[in-house]
Amino acid sequence: MNPQDVPEPPLSPWRPPSYTVDRHGKVSGARPRRANNWGRWGAADQCGTANLITDDTVRAAAAAVRTGRRYSLGLPIGGPPTGAVPRAMVVRTSTTADGVVARTAAHPAYSDDLLVMGTQTYTQLDGLAHVADRDTLYNGYWAGLVTAAEGARRLGIHHLIDGIVGRGVLVDVARHLGVPVVPPGTVIGPALLDAVLRATGTTVGPGDVLLVRTGVLGSWDGVAGSLVTAPQAGLDVSCVPWLARHDVSLVGADNSAVEALDATAGSWRIPLHLAALRDLGLLLAELLCLDDLAEACAADGVWEFMFVALPLPLVGGVGSPINPLAIR
């Protein structure tokens, strides 16, 4: 083939930005939206709402444990991937010393695993370097601090290695509406959150973890890529002031992005991500398996528990797989 016959990829015009970045990595003059936590825990803060987790809130969370029963909220890594390429690329192989065929006393058998995957393919924690708006991340940091070579030079997921530990509250929207799965296109706003909390006699306070069940993951057909290409119910961006007022440390859901998604709209608009991660520094957990936990909560009418989630200590990571636990 003649190289001249190969079509050139389309280009878009580009204009250099007019802003400047100071020596601390902050965009000069950057401003958050009205509901925000910029500067609340200091100009150099890189943990966001994880700062709401204190010794007192952890002790209070432990008081929510009544039976000791544990519920894993994580998808099996290696099962059907939920997302589309490149996130769906998961390779696991085992290295072995050929212990069965050539084992000797001097060389005992052993095996290791080699895992290659996107850190946000399965149940995941979105870090504060995950999304930017107007080239700006949480607390005014420049989005250009995240590079392919070095990852997140500020706001890396490794700042959260102490984990997200707190009193968890389950808001089972699907059960409240009397449906197995909240219909696609449904947006969950503050009024619906309040209605579910009133119905279950539950409150949300500073440092708590809010988990929202839509039934999306439980109804998934398990076909790789089919979940992310389907419209999904979820939180509306109008929930952001509500979440700020309640001072939750993390909000998670059993859908792909916590917020409502419309795959038919031709583009992925994620306004809640921008307002939560960039402005509030509010951590998001996605693709949580909440059905078994919901059944247990409905059985005894107790919708609170201890929540524990540990991200990988991945230096410069913008997100991490997690296997969260709810302990009732």
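The coordinates are above.
No experiment lies behind these values; they were computed from the predicted model shown. (Residues numbered from 1 in each chain as written. Predicted model: local features only at pLDDT ≥ 70, side-chain atom pairs only at ≥ 80, totals over all residues. Heavy atoms only, no water.)

Mind showing me how you'd approach the overall build of the chain here?
Secondary structure assignment for the chain yields seven helices and 15 strands. Relative to a compact globule of 328 residues, whose C-alpha radius of gyration would be 20 Å, the chain shows 22 Å and is just as compact. Dimensions along the principal axes, computed over C-alpha positions, put the chain at roughly 70 × 65 × 40 Å. By residue count, 46% of the 328 residues in the chain fall in the buried class. Of the contacts formed within the chain by residues at least 6 apart in sequence, a portion of 79% connects residues at least 24 apart. Within the structure as shown, the chain displays about 16300 Å² of accessible surface, and the carbon and sulfur contribution to it stands at 56%. Taking the 25 positively charged and 30 negatively charged side chains of the chain as two groups, their mean positions are separated by 6 Å. (Helix = DSSP H or I, 4+ residues; strand = E, 2+ residues; numbered from the N terminus. Rg over C-alpha atoms; globule rule 2.2 N^0.38 Å. Buried < 20%, exposed > 50% of the residue type's maximum accessible area, 1.4 Å probe, protein only. Contact = heavy atoms within 4.5 Å. Areas by Shrake-Rupley, 256 points an atom, 1.4 Å probe, with all protein chains shown as cover. Lys, Arg positive; Asp, Glu negative; His and termini not counted. Charge placed at Lys NZ, Arg CZ, Asp CG, Glu CD.)

Explanation requested: the sheet that holds strand β9 (residues 209-213) in the structure shown.
Paired through backbone hydrogen bonds, the strands of a sheet run either parallel or antiparallel to each other. Reading across the sheet, the nine strands line up as β1-β15-β13-β7-β9-β11-β12-β4-β14 and stay open at both edges, with mixed pairing between neighbours. A strand with exactly one partner marks an edge of an open sheet, and here the two such strands are β1 (70-72) and β14 (319-321). With direction set aside, neighbouring strand axes in the sheet form an average angle of 25°. Of the pairings in the sheet, the one linking strand β4 (residues 124-126) to β14 comprises three bridges and is antiparallel in character. (Pairing = 2+ DSSP bridges. Axes fitted to C-alpha atoms, helices over the stretch in contact; angles between N-to-C directions.)

Could you clarify how one ought to interpret the pattern of salt bridges in this entry?
Charged atoms that come close allow side chains of opposite charge to pair. Applying the stated criterion across every chain, the model contains 14 salt bridges. Ionic pairing is found between arginine 33 and aspartate 279, a salt bridge with its closest N-O pair at 2.5 Å. Linking arginine 33 in the segment before α1 (55-62) with aspartate 279 in helix α6 (residues 271-280), this pair joins segments that are 246 residues apart in sequence. On the accessibility criterion, arginine 33 (32% relative accessible area) is partly exposed. Residue classification places aspartate 279 among the buried positions, given a relative accessible area of 0%. Here arginine 40 and aspartate 247 are joined by a salt bridge, their closest N and O atoms 2.9 Å apart. Of this pair, arginine 40 sits in the segment before α1 while aspartate 247 sits in the loop between α5 (239-246) and β11 (250-253), and the two are 207 residues apart along the sequence. Under the relative-accessibility criterion, aspartate 247 is labelled buried at 15%. One continuous salt-bridge network, built from bridges that share partners, spans Arg33, Asp133, Arg134, Arg278 and Asp279. (Salt bridge = Lys/Arg side-chain N within 4 Å of Asp/Glu carboxyl O.)

Please explain the pairing of strand β12 (residues 283-286) as it appears in this structure.
Look at any regular strand and the pattern is simple: side chains alternate between the two faces of the sheet. Burial of β12 is two-sided: the residues Leu283 and Ala285 facing one way and the residues Leu284 and Glu286 facing the other way are all buried. Note that β11 and β12 share three bridges and pair parallel. Bridge pairing in β12 links leucine 250 to leucine 283.

Is there a simple way to think about unusual backbone geometry in this case?
At arginine 134, a position not held by glycine, the phi torsion is positive, near 55°. Note that arginine 134 resides in the loop between β4 and β5 (146-147). Positive phi outside glycine occurs at valine 258, with the angle close to 70°. Relative to the helices and strands, valine 258 is located in the loop between β11 and α6. Relative accessible area serves as the criterion here: at 1%, valine 258 is assigned to the buried category.

Explanation requested: the side chain of glutamate 259 in the structure shown.
Take glutamate 259: it is sitting in the loop between β11 and α6. Reaching out from glutamate 259, the side chain makes a polar contact with the side chain of histidine 273 at a distance of 2.7 Å. Beyond its immediate chain neighbours, meaning those up to four positions away, glutamate 259 contacts Ala233, Gly234, Leu235, Arg269, Ile270, Pro271, Leu272 and His273. (Polar contact = N/O pair within 3.5 Å; in protein donor to acceptor, adjacent residues only side chain to side chain.)

Looking at this model, I keep getting lost on the packing of aromatic side chains. Mind explaining?
For any two aromatic rings, the description comes down to two numbers: the centre-to-centre distance and the angle of the planes. With the rule as written, the count across this model stands at zero aromatic pairs. Geometry around tyrosine 141 places lysine 26 over its ring, the cationic atom sitting 4.8 Å from the centre. (Phe/Tyr/Trp six-rings, centres within 6.5 Å; stacked < 30°, edge-to-face > 60°. Lys NZ or Arg CZ within 6 Å of the ring centre and 35° of its normal.)

Teacher, can you tell me more about the nonpolar core here?
A general trend in soluble globular proteins is that nonpolar side chains are found buried together. One finds Leu170, Leu210, Leu211, Leu235 and Leu293 to be the most contacted residues of the largest nonpolar core, which totals 70 residues. The element contributing the most residues to this core is α6, with six residues. Leave out the neighbours within four places in its chain, and leucine 235 touches Ile188, Leu193, Val212, Val251, Val258, Glu259, Ala260 and Leu272. In terms of nonpolar packing, the next biggest core, distinct from the first, is built from eight residues, Leu75, Tyr122, Val216 and Leu227 among them. (Core = buried A, V, L, I, M, F, W, Y, C linked by side-chain atoms within 4.5 Å.)

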